[in-house]
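Structural features, examined
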Amino acid sequence: MFIENFRDGFYAKILHQRLLILVALDADALCACKILQALLHADNVPYTLVPVDGVASLQRAFQEHGEQVNYVVMINCGGNIDILDVLQPEENVIFYVIDSHRPLFLDNIFNDGQVKLIVNSQTETFQLPEFDDIYGSEVESDEEDDEADDDDDDDEGVGEENKLDDGSDGEGTEPARKQPKKESRYRKRRRKRIWKQKREEIKHKYYYYAYKGTSSAMLVFDLAWKMSKDNSDLLWYAIVGLADQKVHGCIDGEKYVTDTASMQDHVLRFAKSETASGALTSRKITFENDLRLTLYRHWSLYESLYNSEYTACRFRVWTVKGQKKLQEFLADIGISLSQCKQRFNCMDMETKANVLEWIETLSSKYGLDDISRSSFCTQFGFCNKTCAEDMALCLTSLLHSKEDGHSPTDDFHTALDALSRTNASLMNDGLLLAQKHQEAIMLQVKSFIDMRQPMNAGQFIYAHVDVSMPHAKYFSQSSRLTSLARFLMNAWNLTTKRARDLPFVVSAPYNAEEGTCLIVGIPSIIEEQHKSFLGRAFEHAVARSRVRANRDSFDASVIELKMDDRMEFCDALSHILSA
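Scope of this entry: the structure provided in the associated data block. (Residues numbered from 1 in each chain as written. Predicted model: local features only at pLDDT ≥ 70, side-chain atom pairs only at ≥ 80, totals over all residues. Heavy atoms only, no water.)

**Re the overall build of the protein chain**
Our working definition: Helix and strand assignments follow DSSP, with helices taken as H or I runs no shorter than four residues and strands as E runs no shorter than two, numbered in order from the N terminus. For every residue, the accessible area obtained with a 1.4 Å probe (protein chains only) is divided by the maximum for its type, and the residue is called buried under 20%, exposed over 50%, and partly exposed between those limits. Residue contacts follow a heavy-atom distance rule, with two residues in contact if any of their heavy atoms lie within 4.5 Å. Accessibility throughout is a Shrake-Rupley quantity obtained with a 1.4 Å probe, and a residue counts as covered only by protein chains that appear here.
When you go through the protein chain residue by residue, the secondary structure sums to 21 helices and 17 strands. With respect to the principal axes defined by its C-alpha atoms, the protein chain has extents near 115 × 55 × 45 Å. Each of the 579 residues in the protein chain was classed as buried or not, and the buried ones make up 51%. By sequence separation, contacts in the protein chain at least 24 residues apart represent 73% of the contacts at least 6 residues apart. Accessible area for the protein chain stands at about 27,100 Å²; split by element, carbon and sulfur atoms hold 47% of it.

Structure follows, in structure tokens:
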């Protein structure tokens, strides 16, 4: 069931209870967890915090810690799966789900007892089927069939008694007596079959598109605000959660503008209080025009231009001609190449102050009409300014560092600590790691295009990251593989226009010991990028091809399967998409 009164329907219920908090491994969930931690610490609420990276991990975490608690909070996990069927909890266990994955599982929505879904109907709408269309008529149909069978049994018994009483065998009268009952039973079964068919059509339409709803970090911050326990740090965490959805293409432009306006109101509120207090050490958050360049404040301007998806695709830097055009652009701006290749913070003050204006002035000449955007930035004390999008990439890189000896739990707590303003060194490590991952994506895209590897599989474009590639290990994580797929799609569509209306499917080695690969899919460039139908297509392709697959991810359009089964799966997927 839905809970919209966060304070009374959620927080008041868990205030004096021990909690189990299960958190998915993404930056939005991490930020939501950080805000919730601040509220729980303020009220001395005990809890156990466990990060989970899939359905199997979710089951293990609940089995290990579920017996100790009666209240479970799930952040960005659980909303789109059947919680009671997957976890098999006791009847006294209550689940509070804060999940941005959509669509939400219908059994969770219509469960009035153990599952509570925390949503905000003011920021998003839910088009739900009627309860009777999914559940009610099925129960009635089953009862009618049972009654019909009982009536038939009774009639048969009465018929036998009449035979004995009449002294006749009843030939010619019994079929006439049973015929209306049989016709009635057939009609009821036909109605039930039609109802089931209609139900499947309704469910297919409801589950067809997978997308993201309101940021979980924003929902938890809304709770803190309504309880008058918010501050500028918690606001920044909510903004980073929203930025994480934006940089990974999870929401469309309209929703991003709406959610940004909500965050901007809070920024203005805190700006007035900071001006009144005059504190120099407080966190300052601004909403300003900024360059659409990845990590440029923490990198060199040249490297950022070369590796950012937007500028790399516009200049086509994977070609010699594109690299020369990029250098021509920098020369036209008036910045020397040696200065562009040093760290941005080390450039002279005049260049740093005017680079945005200079680039915007020449943007139309080089086809960079969208080179600037509005973005949130933060700064406290005399530290360098940080953009929300860069912070989201930093946290994502720390969550999936792929460094030797690091477990997912270690990476989770490292990323959680990096959010705090007191751990600037951890944040800097994450920013450097994000640069390394962005370079890996760019190099892989360049390799794909140079070798003309993306191939037309009929109804989609397919590419595979070979295990021999030097950065292959970075793409064994779904969010980074999805980022590679989006970058490749935009770059490949500049190379060949015939692929604009085809979705992209990209795979990478996942587990070398088990011989499995990870596959992600994204809609075509002309589709709504934030809504994906490929999750349902993957499901049907697995059923059709009967390959050995594992759908463990919370994201619908991510699947793991045996490396040897890739071609069978792709053939089945092509057939499904052509239907």
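**Points about the packing of aromatic side chains**
To keep things clear, this is the line we draw: Two aromatic rings, drawn from Phe, Tyr or Trp (for Trp, its six-membered ring), form a pair once their centres lie within 6.5 Å of each other, and the interplanar angle then sorts them: stacked below 30 degrees, edge-to-face above 60, tilted otherwise.
Summed over the entire model, instances satisfying the criterion amount to 18 aromatic pairs. Note on Phe2 and Phe126: the rings are 5.0 Å apart at their centroids and 35 degrees apart in plane angle, and the pair reads as tilted. With Phe2 in strand β1 (residues 2-3) and Phe126 in the loop between β7 (115-118) and α6 (131-166), this residue pair connects regions lying 124 residues apart in the sequence. Relative accessible area serves as the criterion here: at 25%, Phe2 is assigned to the partly exposed category. Relative to Phe95, the ring of Phe62 lies with its centre 5.7 Å away and its plane at 40 degrees, an arrangement referred to as tilted.

**Regarding the sheet that holds strand β11 (residues 386-387)**
Definition in use: Here, strands pair whenever DSSP counts at least two bridges between them. To get an axis, a line is fitted to the C-alpha atoms, and for a helix only the part in contact is used. The angle between two axes follows their N-to-C directions and goes from 0 to 180 degrees.
The antiparallel open sheet is built from three strands, whose spatial order is β9-β10-β11. Across the chains shown, the open sheet's two edge strands, defined by having one partner strand only, are β9 (283-291) and β11. Relative to β11, strand β10 (residues 372-380) is paired through two bridges, and the arrangement is antiparallel. Paired with Cys377 across the two strands is Cys387, which belongs to β11. Contacts between helix α9 (residues 232-247) and the sheet are confined to β9, β10 and β11, with β9 contributing the most and set at about 30 degrees to the helix.

**Thoughts on the sheet that holds β1**
Taken in spatial order, the six strands make up an open sheet running β1-β7-β5-β4-β2-β3, and their pairing is parallel. Each end of this open sheet is capped by a strand with a single partner; those strands are β1 and β3 (47-52). Of the strands in this sheet, β2 (19-24), β3 and β4 (71-75) are in contact with helix α2 (residues 27-42), which crosses β2 at around 160 degrees.

**Let's talk about the layout of surface pockets**
Leftover empty space is mapped by rolling, across the atoms, a probe with the size of a water molecule. Inclusion rule: Cavity and pocket criteria rest on a 1 Å grid covering protein atoms alone: a 1.4 Å probe that fits but cannot get out defines a cavity, protein on both sides within 12 Å along at least 5 of 7 lines defines an open pocket, and an atom within 4 Å of a point defines a lining residue. Grid points are joined across faces, edges and corners, and a volume is the space filled by probe spheres set on the points.
Approximately 680 Å³ is the volume attributed to the second largest pocket. Thr125, Phe126, Gln127, Tyr211 and Lys531 are, among the 23 residues lining the second largest pocket, the residues nearest its centre. Sorting the residues of the lining of the second largest pocket by element identifies α7 (174-207), β8 (211-212) and α10 (253-277) as the ones contributing at least two each. A per-element tally of the lining of the second largest pocket places α7 first, with three residues.

**Concerning the environment of Thr214**
We apply this condition: Between N or O atoms, a polar contact is any pair within 3.5 Å; within protein, one atom must be a potential hydrogen donor and the other a potential acceptor, and residues adjacent in sequence are included only when both atoms are from side chains.
Summarising the element assignment, Thr214 is placed in the loop between β8 and α8 (216-226). When the C-alpha atoms of Thr214 and Ser121 are compared, they prove to be 9.7 Å apart, with 93 residues separating the residues in sequence. Look past the residues within four positions of Thr214 in its chain and what remains in contact with it is Ser100, Arg102, Thr123, Glu124, Leu219, Gln245 and Lys255. Side chain to side chain, Thr214 and Lys255 meet in a polar contact 3.1 Å long.

**Side note on the side chain of Asp290**
One can find Asp290 in strand β9. Polar side-chain contacts of Asp290 include one of 2.6 Å to the side chain of Tyr296. A polar atom in the side chain of Asp290 sits 3.0 Å from the side chain of Arg297. With residues near it in sequence (within four places) discarded, Asp290 still touches Tyr296, Arg297, Leu356, Ile371, Ser372, Arg373, Ser375, Cys377 and Cys387.

**Examining the side chain of Asp411**
The residue Asp411 is located in helix α17 (residues 408-418) in this model. Judged by its relative accessible area of 5%, Asp411 falls in the buried class. Non-local contacts of Asp411, meaning those with residues more than four positions away in its chain, are made with Leu398, Leu399, Ser401, Lys402 and His406.

**Thoughts on the packing of helix α13 (residues 320-333) against helix α15 (residues 349-362)**
Put simply, the rule is: Handedness of a crossing follows from how the near helix is turned relative to the far one, being left-handed for an anticlockwise turn of less than a right angle and right-handed for a clockwise one. The nonpolar class holds Ala, Val, Leu, Ile, Met, Phe, Trp, Tyr, Cys and Pro. Asp, Glu, Lys and Arg form the charged class, and all remaining residues, Gly among them, are polar.
Closest axis-to-axis distance for the α13/α15 pair is 10 Å, and the angle between their directions is 115 degrees. Regarding α13 and α15, the two cross each other, and that crossing is right-handed. Two secondary-structure elements touch here, α13 through Phe329, Asp332 and Ile333 and α15 through Trp358, Ile359 and Leu362. Residue composition of the contact of α13 with α15, grouped by class: five nonpolar, no polar and one charged.

**Describing unusual backbone geometry**
With omega at 0 degrees, the peptide bond leading from Arg102 into Pro103 counts as cis. With respect to the helices, strands and loops of the structure, Pro103 is situated in the loop between β6 (101-102) and α5 (106-109). You will see that Ser228, though not glycine, has its phi angle at about 60 degrees, which is positive. Relative to the assigned elements, Ser228 resides in the loop between α8 and α9. Of note, Arg546 is a non-glycine position whose phi angle comes to about 55 degrees, a positive value. As for its position among the elements, Arg546 is in the loop between α20 (534-545) and β16 (549-550).

**Focus: the packing of α2 against α8**
As a reminder of what qualifies: By definition in this entry, angles of less than 35 degrees are roughly parallel, angles greater than 145 are roughly antiparallel, angles of 65 to 115 are roughly perpendicular, and the rest are oblique.
The geometry of α2 relative to α8 is characterised by a closest axis approach of 7 Å and an angle of 20 degrees between their N-to-C directions. Classed by the angle they form, the pair α2 and α8 counts as roughly parallel. The crossing of α2 and α8 is left-handed. Side by side, α2 and α8 meet where Asp28, Cys31, Ala32, Ile35, Leu36 and Leu39 of the first sit next to Ser216, Ala217, Val220, Phe221, Leu223 and Ala224 of the second. Residue composition of the contact of α2 with α8, by class: 10 nonpolar, one polar and one charged.

**Focus: the pattern of salt bridges**
To keep things clear, this is the line we draw: The salt bridge criterion pairs a side-chain nitrogen of Lys or Arg with a carboxyl oxygen of Asp or Glu, the two atoms within 4 Å.
Under the counting rule described, the total for this entry stands at 15 salt bridges. Between Lys229 and Asp43 there is a salt bridge, with its nearest N and O atoms 2.6 Å apart. Linking Lys229 in the loop between α8 and α9 with Asp43 in the loop between α2 and β3, this pair joins segments that are 186 residues apart in sequence. With a relative accessible area of 31%, Lys229 lands in the partly exposed category. Exposure remark for Asp43: the relative accessible area of 26% places this residue in the partly exposed category. Among the salt bridges present, the one from Lys446 reaches Asp450, with a minimum N-O distance of 3.0 Å. Taken together, the positions of Lys446 and Asp450, both in helix α18 (residues 424-450) and four residues apart, correspond to about one turn of that helix.

Distances and angles like these do not, on their own, reveal function.
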